Amino acid sequence: MFKIARDVSIRNKATNYLKQYRCEKRFLATKQEVVSSADVVIIGGGIAGCNTLYQLTKRGVNAVLLERAKLTSGTTWHTAGLVWSLRPCDLEVKLLRDSRTVYNTLEQETGDYAGWINNGGMFISRSKVRTQEYMRLHTLGKALGIPSQILDPNEAQKLFPLLDPSVFKMALYAPEDGTIDPTMACNALIKMATKNGGKIYEECPVLDIHYTHNLLGNKEVTAVHTDRGIIKTKCVINCGGAWGPRVARFAGIPSLPLIPFKHAYVVCEATPEIRNAPNIRDHDVSLYIKIQGESCHVGGYETNPHMLDQVPDNLQFHLYELDWDVFGVHMNSAASLCPKLGQVGIKSTVCGPESFTPDHKPLLGEDPNVFGLYHNCGYNSAGMMFSAGCAIQMAEWVISGRPHYNMFTFDIRRFTPGQISRGHWVRESSHEAYVRNYSIVFPNDEPLAGRDASHDAIHQELVDDGAVMQARAGWERPAFFMPGEKIRVQQYDWGGTHDYPRNMDQRYEEVLKGDHSFNFSKHHDLIGSEALACRNAAALFNMSYYGKFYLTGPDAQRTADLAFTANLSKLDNRVVYSLLLNEKGGVEGDVTVSILDGNGSGQLHEPIFKGRGYYVVTSGFSQNHALAHLRKIIQTHKLKATVTDVTKQLCIVSLQGPDSQRILQRYTDAGLSNDAFPVNTHRSIRVSKAPNTTEDKRYTCRALRVTWSGELGWELHVPSSHAIPVYRALSRAKGLKNAGWRALTSLSAEKGYHLWNADLRSDDNPIEAGLGFACRKDGDYIGNEYVTKARQNGVTKKYAYFTLDNKVAVFGQEAIFRNGEPVGYLRRGDYAFYLDKPIGIGYVTNKGSEVTKDFLKSGEYEIEVLGQKHKATLHLRSPFDPTGQRLLGNYGNTCIDENTFEPHTGQNERTGGSE
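Summary of the structure given here. (Residues numbered from 1 in each chain as written. Predicted model: local features only at pLDDT ≥ 70, side-chain atom pairs only at ≥ 80, totals over all residues. Heavy atoms only, no water.)

Observations regarding the packing of helix 3 (residues 90-110) against helix 9 (residues 383-400)
So, step 1. At a closest axis distance of 7 Å, the pairing of helix 3 and helix 9 adopts a crossing angle of 95 degrees. Classed by the angle they form, the pair helix 3 and helix 9 counts as roughly perpendicular. Where helix 3 approaches helix 9, its residues Glu92, Leu95, Leu96, Asp98, Ser99, Val102 and Tyr103 are matched on the opposing element by Met384, Met385, Phe386, Ser387, Ala388, Gly389, Cys390, Ile392 and Gln393.
So, step 2. Along the lines of polarity and charge, the residues of the contact of helix 3 with helix 9 split into 10 nonpolar, four polar and two charged. (Axes fitted to C-alpha atoms, helices over the stretch in contact; angles between N-to-C directions. Helix = DSSP H or I, 4+ residues; strand = E, 2+ residues; numbered from the N terminus. Parallel < 35°, antiparallel > 145°, perpendicular 65-115°, else oblique. Contact = heavy atoms within 4.5 Å. Nonpolar A, V, L, I, M, F, W, Y, C, P; charged D, E, K, R; others polar.)

Have a look at this one:
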């Protein structure tokens, strides 16, 4: 069906590129010794390194780039260079917009053509559900100002004449898409960087990264050792791409979650009809087509890719032989979409290494184990499109300590040490990320790879009781329960490829398919029954994967004063809701802080220490992020304080609901009334194995009277060694129903509690988020200046709730319209089962002007879902129990007052944005 034409191979591109080093006068430092010092040293001369050097020098930073071979060698030079504009999450859309801006302006800055071609892009849909996904992209684009058009097959064919309109249902066209030539782009970036004072050393391999241990015992970067000398520096950026893990090992980091794969495309012979046509993505068959003149590049993501253990150091402009047994599926797909491509000859093949990560997101930010070591690699074959936008954030990260955007889903700190240290977890998850690169992104889908990385002590008990698990930060937690079933997560079977047999038991996969929809889940009623059990009776939640820390030491109080926004000068038994802010006033996390006196029994839940200490509980998926943030504060301010992570040593069993007090009282002799055990307090209590038992077998735990559902309830923080008998006793209690996180996150949205990294992020000011009450007006906590400024001057975006009368599913990323104009998008969407209507949470803007209460209340609002607008009612606070009577156990008063709000630490539903 296909012929291989004898023609100039694309490998000659590398040869021709190298010739210019001998023929042209270069502006790079080549053979001389390196400088003795620099503010920042960048390792790696691919597109990520060149973009980073460009952005740093643009801001006046004395930066040096070291390249082991020649610029663009490795993986950059052979990339297809596609740049899209629409993705399923707001962060990635913004980064792509920034990348296009950089590439668009390079030609004006340098006076040379930088390789940017704005020929547009088209997504092809072959199914109804894919069309729904594209409608979500189209809607998000409206909210973010990214133009796109819905086309029928015949309209699409007019733009791309080779298309067969009979094989697909619709197309989404984005006119701002295009391609970028890697060599031209890197040359333009380097030209401007050197003009701004940057230095580039080619053929200068790094031999080591020097670091020292400071007085607090933490590692700090001190220098980079090359074969041409040592450069003293306190900041190193790892832009090593597929060699990133090797660079990290120089600094004592044993591994990075990054796996190189062979990724390929072919260059077809000329087809004049496609000149100036848009690039194509046919996600349903994992295919892309890039247009270059009258030729097209065809590639995709196969189900049985070749994984590489490592890429040799001497691989510079090298390509692998193409495996047609693997790649052939893409040519068949291309021929089905564009029949003429079945007769067009193949000019050359490109098969090179590309790095992929476990969640298909890059690795950015400061390493939590070595201060001064930053990563900027792992781009999952999307380095050309993302690296320019990411470099802007990296420059801000290095200069000011934090990026402008909420970069958590790209931040290296999103992975726990337990995940990174498991080589099989990295390989499995990265394989699935590659294979599912073009799969539909369902809001509640779960991975099959890399599962069972971390369990709490009662995991098996939950599975036996019917728990269907979901994975967050490597932890298994119950999503919902199917009583009478035992749905176990199976070992990853690699989709039956690489000689792995498919799992015999595929029940878990079948259950997950119930969420493969942009409408209500097939498990919607089951999740609703759990939520309503909590609202009307009592539910038992396993919250063990929450992050749990003790903050102690001589400077513990000083650390708390800097890190936490809340007033912690209250009585020792208080549980205080607080925020962690960065230097720009953005919210890096929300936590509950229990104040301790240190006079405990010495057990895990009652530690002994001198002075005042704090028990900090944070969202489990961001445990590593919060821990690193606290340790960074201690490091920066040189404080004598210790943060001890006891997440695995303590389990949390939470009873929530109107009957929770009555049920728990059967198992404890502690008083549970409002007078004896007030809301937002904690104490040690004893829990028996059976109700009202006289036997002496009792287990002590720390009980916190807080809930995330907005109901009466308690969290029992139990040593893991005692968690099983405590769970067994309570879970068998009459009138108590096991419930999972899908119900709990729904309850929290209905109540109006924040969800960190969704409706509360590092690019949100507490005043914007309606959390001014959690920030003390006096004191020197980090970010106080920006909170005070926002109080005084007002804000240009404001947190708001929306309820919809039409029963449609909302998940977040839907556009918000005010009086017919887009003013934002939902950060979070769910179904409020007690209110019996969809609920969305987002921020409303006013074209850069101040957003006031009058502005919010005066508009007519609509939420666009799958291309259709639905009338919405705006609330300044959630309409569910706004006065907090249910927390007190008062279930007779349901009056509405939107000026009262009760906080609780948030918990992210996903480990970040997903595509």
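Some details on the state of the cysteines
So, step 1. For the structure shown, the criterion picks out zero disulfides.
So, step 2. Cys701 provides the cysteine sulfur closest to Cys534, a residue in no disulfide bond, and the two sulfurs are 19 Å apart.
So, step 3. Looking at Cys534, the relative accessible area reads 0%, which means it is buried. (Disulfide = S-S within 2.5 Å. Buried < 20%, exposed > 50% of the residue type's maximum accessible area, 1.4 Å probe, protein only.)

Thoughts on the nonpolar core
So, step 1. Judged by nonpolar contacts, the single largest core of 117 residues is most densely connected at Val40, Leu56, Leu66, Tyr103, Ile237 and Met407.
So, step 2. Ranked by the residues each element gives to this core, the list is headed by helix 9, at 10 residues.
So, step 3. Not counting residues within four places of it along the chain, the set of residues in contact with Met407 comprises Leu91, Leu95, Leu364, Cys390, Gln393, Trp397 and Ser762.
So, step 4. Residues Phe480, Ile685, Trp708 and Val726 belong to the second largest nonpolar core, which totals 95 residues. (Core = buried A, V, L, I, M, F, W, Y, C linked by side-chain atoms within 4.5 Å.)

Looking at helix 20 (residues 784-793)
Because an α-helix completes one turn every 3.6 residues, residues spaced three or four positions apart along the sequence face the same direction.
So, step 1. The complete set of buried residues in helix 20 reads Asn784, Val787 and Ala790. Projected down its long axis, helix 20 carries its buried residues within an arc of 130 degrees, all on one side. The outward face of helix 20, more than 90 degrees from its buried face, is lined by the exposed residues Glu785 and Gln792.
So, step 2. Gly794, located one to two residues past helix 20, shows a positive phi value of around 85 degrees. (Arc of directions from axis to C-beta.)

A few points about the pattern of salt bridges
So, step 1. For the structure on display, the rule yields 48 salt bridges.
So, step 2. Among the salt bridges present, the one from Glu92 reaches Arg87, with a minimum N-O distance of 2.9 Å.
So, step 3. Judged by relative accessible area, which is 1%, Glu92 ranks as buried.
So, step 4. Residue classification places Arg87 among the buried positions, given a relative accessible area of 3%.
So, step 5. The salt bridge partner of Glu814 is Arg136, with a shortest N-O separation of 3.0 Å. With Glu814 in the loop between strand 35 (797-804) and strand 36 (815-818) and Arg136 in helix 4 (residues 128-144), this pair connects stretches of sequence that are 678 residues apart. The same class applies to Glu814 and to Arg136, which are both buried.
So, step 6. Linked through salt bridges whose partners overlap, the residues forming this network are Arg402, Asp411, Arg413 and Glu588. (Salt bridge = Lys/Arg side-chain N within 4 Å of Asp/Glu carboxyl O.)

A look at the packing of aromatic side chains
So, step 1. Taken as a whole and judged by the stated rule, the model has 31 aromatic pairs.
So, step 2. Centroid distance Tyr301 to Phe356: 6.3 Å. Interplanar angle 75 degrees. Geometry classified as edge-to-face. One end of the pair, Tyr301, is in the loop between strand 17 (295-300) and helix 8 (324-337); the other, Phe356, is in strand 18 (residues 346-356), and 55 residues separate them in sequence. Like Tyr301, the residue Phe356 is buried in the burial classification.
So, step 3. Since its relative accessible area comes to 7%, Tyr301 is described here as buried.
So, step 4. Every member of this aromatic cluster is reached through a ring pair, and the members are Phe261, Tyr288, Tyr301, Phe356, Tyr434 and Tyr438.
So, step 5. Of note, Arg886 hangs over the ring of Tyr834, and the distance from its end group to the ring centre comes to 5.0 Å. (Phe/Tyr/Trp six-rings, centres within 6.5 Å; stacked < 30°, edge-to-face > 60°. Lys NZ or Arg CZ within 6 Å of the ring centre and 35° of its normal.)

What about the sheet that holds strand 27 (residues 587-596)?
So, step 1. What the five strands build is an open sheet, ordered 26-27-28-25-29; its pairing is antiparallel. Where the open sheet ends on each side, the last strands, each with one partner, are strand 26 (575-581) and strand 29 (642-645). Looking at each pair of strands side by side, their axes are set apart by 30 degrees on average, direction ignored.
So, step 2. Of the pairings in the sheet, the one linking strand 26 to strand 27 comprises seven bridges and is antiparallel in character. Residue pairing across strands places Val576 opposite Val593, the latter belonging to strand 27.
So, step 3. The sheet strands contacting helix 15 (residues 556-563) are strand 25 (547-552), strand 26 and strand 28 (613-618), and the helix crosses strand 25 at an angle near 125 degrees. (Pairing = 2+ DSSP bridges.)

Description of the pairing of strand 27
For a regular strand, the rule is simple: side chains alternate between the two faces of the sheet.
So, step 1. In terms of burial, strand 27 is a largely internal element, 10 of the 10 residues being buried.
So, step 2. A loop of five residues connects strand 26 with strand 27, the two strands running antiparallel in sequence, and Gly585 in this loop sits at a positive phi of about 85 degrees.
So, step 3. As judged from the six bridges shared by strand 27 and strand 28, these two strands associate in the antiparallel manner. Of the residues in strand 28, the one forming a bridge with Ser594 is Tyr615.

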